[in-house]
Amino acid sequence: MHLNPYGHDAVNLAADLANHPPQTPAELAARCGDAGLAIESPVTEDDVARARAVLAQWETIVDASDERERAELVNRMLAESAAYPRLTDHTGVWHLHYRDDGQPLGSVLFALIAVGTALHLVGRGMHRLRRCAVPECDTIFADTSRTGRQRYCSQVCANRDAVRRHRARPGHRGQSLAKQGPSIV
Ligand SMILES: [Zn+2]
Ligand SMILES: [Zn+2]
């Protein structure tokens, strides 16, 4: 995985892993591989435990109450995880690593998620990381929409909330939803 200037691949990987925590080393390796991460050494139970700890720390960033707190938590994660950046071409393409060489996957994920989240937030907006607005859906997503006002994890949740808000309106008689404008997904 090459960190793009906005870091959204890394932040999307973090959201995916947090929403459905990997259970085994094989699953962790496969999902990171699918996301484009070069897996350099055998993945172990330690990596799974480390990944889960990284994600738990990352979720405090998602749930931060304001921008200052969010920035502070990102900075803490960066300070704990990142080494000085360096150029490498181990995949055949020159790119930056924010970590020392020869690290296990759990540590690679820590640095990647910390730096990717920092790039995403400063590049697109500090508010663009949240949970779905449907209360019974806890799904985390990175908002990469054009407007930066994405409220739902999916169209399914957007529709669900539209129906609920419609039903909650005073005088509801089961009118069609067609009069309402489209929800921002
Ligand atoms: Zn690399
Ligand atoms: Zn949702």
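This structure is a prediction, so every number in the text was calculated from the model and none was measured.

Glancing now at the overall build of the chain. Looking only at helices and strands, one finds six helices and four strands in the chain. For the chain, buried positions account for 39% of its 185 residues. When contacts within the chain are restricted to residue pairs at least 6 apart in sequence, those whose partners lie at least 24 apart make up 51%. Total accessible area on the chain stands at roughly 10100 Å², and carbon and sulfur atoms take up 53% of it.

Let us now look at the coordination of the zinc ion (ligand 2). Of the protein atoms, only C132 (SG), C137 (SG), C153 (SG) and C157 (SG) coordinate the zinc ion (ligand 2), at distances of 2.3 to 2.4 Å. Viewed at the metal, the four donor atoms of the zinc ion (ligand 2) are separated by angles of 107 to 114 degrees, and the geometry they form is tetrahedral. Spacing between the donor residues of the zinc ion (ligand 2) along their common chain follows C-x4-C-x15-C-x3-C. In this pair, C132 sits in the loop between β3 (129-131) and β4 (140-142) while C153 sits in the loop between β4 and α6 (155-168), placing the two residues 21 residues apart along the sequence.

Once that is clear, we can look at helix α3 (residues 45-62). Given a rise of 1.5 Å per residue, 18 residues ought to cover 26 Å, and the 25 Å separating the end C-alpha atoms of α3 matches this to within 8%. Looking only at α3, the buried set comprises D47, V48, A51, V54, L55, W58, I61 and V62. Axial view of α3: buried residues confined to an arc of 125 degrees, hence all on one face. Of the residues in α3, the exposed ones pointing more than 90 degrees away from the buried face are E45 and D46. Structurally, α3 contributes buried residues whose contacts are with α1 (8-19), α2 (25-34), α4 (67-81), α5 (105-124), β3 and β4. Residue T44 occupies the N-cap position of α3, its side-chain oxygen lying 3.2 Å from the main-chain nitrogen of D46.

Of the protein atoms, only H90 (NE2), H95 (NE2) and H97 (NE2) coordinate the zinc ion (ligand 1), at distances of 2.1 Å. When the donor residues of the zinc ion (ligand 1) are listed from N- to C-terminus, their spacing reads H-x4-H-x1-H.

It is worth spelling out the nonpolar core at this point. Grouped together as the largest cluster of nonpolar side chains are 35 residues, with contacts concentrated most on L28, C32, W58, M77, L109, I113 and L129. For this core, the leading source of residues is α5, giving nine residues. With residues up to four places along the chain from it excluded, the contact list for L28 reads L17, P22, V43, D47, V48, A51, L105 and L109. Membership of the second largest hydrophobic core comes to six residues, among which are C132, V134, C137 and Y152.

Here the structure, examined in full by the defined rule, presents two cavities of 30 Å³ or more. Here the second largest cavity is characterised by a volume of approximately 50 Å³. Taken together, A38, I39, E40, S41, Q103, P104, L105 and V108 form the lining of the second largest cavity.

Here is what the cut-offs are and how they apply
Residues numbered from 1 in each chain as written. Chains lettered and ligands numbered in written order. Predicted model: local features only at pLDDT ≥ 70, side-chain atom pairs only at ≥ 80, totals over all residues. Heavy atoms only, no water. Helix = DSSP H or I, 4+ residues; strand = E, 2+ residues; numbered from the N terminus. Buried < 20%, exposed > 50% of the residue type's maximum accessible area, 1.4 Å probe, protein only. Contact = heavy atoms within 4.5 Å. Areas by Shrake-Rupley, 256 points an atom, 1.4 Å probe, with all protein chains shown as cover. Donors = N, O, S within 2.8 Å, 3.2 Å for Na, K, Ca; no water. Tetrahedral: all angles 85-135°; square planar, octahedral: opposite > 155°, others 65-115°. Expected span 1.5 Å × (residues − 1). Arc of directions from axis to C-beta. Polar contact = N/O pair within 3.5 Å; in protein donor to acceptor, adjacent residues only side chain to side chain. Core = buried A, V, L, I, M, F, W, Y, C linked by side-chain atoms within 4.5 Å. 1 Å grid on protein atoms, 1.4 Å probe; cavity = no way out; pocket = protein on both sides within 12 Å on 5 of 7 lines; lining within 4 Å. Points joined across faces, edges and corners; volume = space filled by probe spheres on them.

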